[in-house]
Amino acid sequence: MTGRICGTGFCVPERVMDNKELSGMVDTSDEWIRERTGIERRRIITEETTVSMAAKAAERALADAGISPEQVELIITATISSNVILPCTACEVQKEIGAAWAACFDVNAACCGFLTAFQIAQTYIAAGVYRTILIIGSESLSKLTDWTDRGTCILFGDGAGAAVLTAGEGRSFRGILHSDGSKGAALSCSGSHWKADENDSGFMKMDGREVFKFAVKRVPEVIHEVLKLNDCSIDDIDYFVVHQANRRIIESVAKRLDLDAEKFPMNLQEYGNTSSASIPILLDELRRNGVLKKGNRILLAGFGAGLSWGAGILDWIIE
Ligand code: UT7
């Protein structure tokens, strides 16, 4: 028995912030941001919240799957920007969408969050514990962003993506996750309530070059590792859906794997880096744009704070 994605959905805030607007806030330019990151604009919450976007994405994914909220047995939400600490976002989503019978918890694995939720869901399904699981990545990163720091504020955006997994026949693949806590300082956020000292703004802090070097080394490594683990060849993969952080990172990963960049779809130009939401938003867009076809084999890869990185493989079953 394996968990197959049978529905997807996403929700992003209405408000668009383009690079030009950002260049009026910090010393940067549209040209610099496009050239160094590929990002052109991002969405920023106004009325929306991590919970409201997660609930909307979840409702769309359930409608897409033709599954009612009452059928959902487990909701896993990946987020680093929940509305409140308690109750968790998954419980709030349960309340919003009326998934009365679901167990709920959140996962904090930053940009590997959706991949982690996917692997947990797969493991539960393989063990026969649950048959219908809703996984969501939802972030309001604008709340954690220092809007005076040009090294970070140009990168991030807000949004949510969701997928419904159901148990069924098909090949099951083993996923991989790695972490190196000794490098945690490269991308950190104490949160406004836990300032380490008076010099700590509480916002996200990042050593961009360090994270960049880490990503371009570790992502190709883990892609090779997950292919080997599952006895797959790189040519078996139709699309590599990689965390949408930076166009140069993704192009460099493709180059290191000696693959055409066409196999690495991107939408970071529209939404920036939405952390745990980036992979499910992209999956849903690819599906609705008719890019993903039934029978495609897809490799998901994530990397980010922790530092953590990982990869997983799935066969696409939606027509
Ligand atoms: O989910 C994972 C999250 N994190 C990431 O994926 C981040 C990975 N890292 C990156 O994407 C890149 O490192 C950045 C986009 C953050 C920065 O690009 P870079 O090519 O690594 O730039 P840099 O930090 O090496 O800085 C180059 C120059 C510096 O000026 P000097 O020292 O050469 O005079 C920076 O001060 O660019 C300057 N700079 C900027 N200039 C205009 C840094 N940020 C900006 C900016 N606008 N926003």
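Heads up: the structure comes first, above all this text.
Rules used in this analysis
Residues numbered from 1 in each chain as written. Predicted model: local features only at pLDDT ≥ 70, side-chain atom pairs only at ≥ 80, totals over all residues. Heavy atoms only, no water. Buried < 20%, exposed > 50% of the residue type's maximum accessible area, 1.4 Å probe, protein only. Helix = DSSP H or I, 4+ residues; strand = E, 2+ residues; numbered from the N terminus. Near = heavy atom within 4 Å. Polar contact = N/O pair within 3.5 Å; in protein donor to acceptor, adjacent residues only side chain to side chain. Areas by Shrake-Rupley, 256 points an atom, 1.4 Å probe, with all protein chains shown as cover. Nonpolar A, V, L, I, M, F, W, Y, C, P; charged D, E, K, R; others polar. Disulfide = S-S within 2.5 Å. Pairing = 2+ DSSP bridges. Axes fitted to C-alpha atoms, helices over the stretch in contact; angles between N-to-C directions. Contact = heavy atoms within 4.5 Å. Phe/Tyr/Trp six-rings, centres within 6.5 Å; stacked < 30°, edge-to-face > 60°.

A. Helix 4 (residues 89-97), seen in detail. Residues of helix 4 that are buried include every one of T89, A90, E92, V93, Q94 and I97, and no others. Looking one or two residues beyond helix 4, the residue adopting positive phi is G98, at roughly 75°.

B. Structural context of the site of the ligand. Around the ligand sit 22 residues in total, of which T28, R36, R209, N246 and R248 are the nearest. Take N246: an N or O atom from its side chain is 2.7 Å from an oxygen atom of the ligand. Taking N273, its side chain carries an N or O atom lying 2.9 Å from an oxygen atom of the ligand. Relative to its unbound accessible surface of 940 Å², the ligand loses 75% to contact with the protein. Going through the elements one at a time, helix 2 (30-37), helix 6 (208-229) and helix 7 (247-256) are the ones with two or more residues in the shell around the ligand. When residues of the shell around the ligand are assigned to their parent elements, the largest contribution, four residues, is made by helix 6. A class-by-class count of the residues in the shell around the ligand yields 10 nonpolar, seven polar and five charged.

C. Quick look at unusual backbone geometry. The step from L86 to P87 runs through a cis peptide bond, and the omega angle for that step is -5°. Tracing the sequence through the fold places P87 in the loop between strand 4 (74-78) and helix 4. Here the amide bond leading from G306 into L307 is cis, since omega sits at -10°, within 30 degrees of zero. Structurally, the position occupied by L307 is in the loop between strand 12 (297-304) and strand 13 (308-315). Of note in this structure, D258 is not a glycine but carries a positive phi near 60°. In this fold, D258 is placed in the loop between helix 7 and helix 8 (268-271). Positive phi, close to 50°, is recorded for S275, a residue that is not glycine. Looking at the element boundaries, S275 is found in the loop between helix 8 and helix 9 (278-288).

D. How the structure looks around the state of the cysteines. Scanning the model with the defined rule gives zero disulfides in all. Here C104 stays unpaired: no disulfide links it, and the sulfur of C91, its closest cysteine neighbor, is 4.4 Å away. We classify C104 as buried; its relative accessible area is 18%. Between C189, a cysteine without a disulfide, and C111, which holds the nearest cysteine sulfur, the sulfur-to-sulfur distance is 12 Å. According to the relative accessible area criterion, C189 is partly exposed, its value standing at 34%.

E. Quick look at the sheet that holds strand 1 (residues 2-11). Spatially, five strands are ordered 1-7-6-4-5 in an open sheet, and the strand pairing comes out mixed. Either end of the sheet is taken by a strand with one partner, and the two such strands are strand 1 and strand 5 (103-107). The average undirected angle you get between the axes of adjacent strands in this sheet is 20°. Sheet topology places strand 4 next to strand 5; five bridges connect them, and they run parallel. Bridge pairing in strand 5 links A78 to V107. Sheet contacts for helix 5 (residues 113-126): strand 1, strand 4, strand 5, strand 6 (132-140) and strand 7 (158-168); angle to strand 6, the most-contacted strand, approximately 170°.

F. How the structure looks around the packing of aromatic side chains. This structure, assessed with the given rule, holds four aromatic pairs. Seen in terms of ring centroids, F10 and Y271 are 6.0 Å apart; in terms of plane orientation they differ by 65°. Their pairing is edge-to-face. With F10 in strand 1 and Y271 in helix 8, this pair connects stretches of sequence that are 261 residues apart. With respect to class, F10 is no different from Y271; both count as buried.

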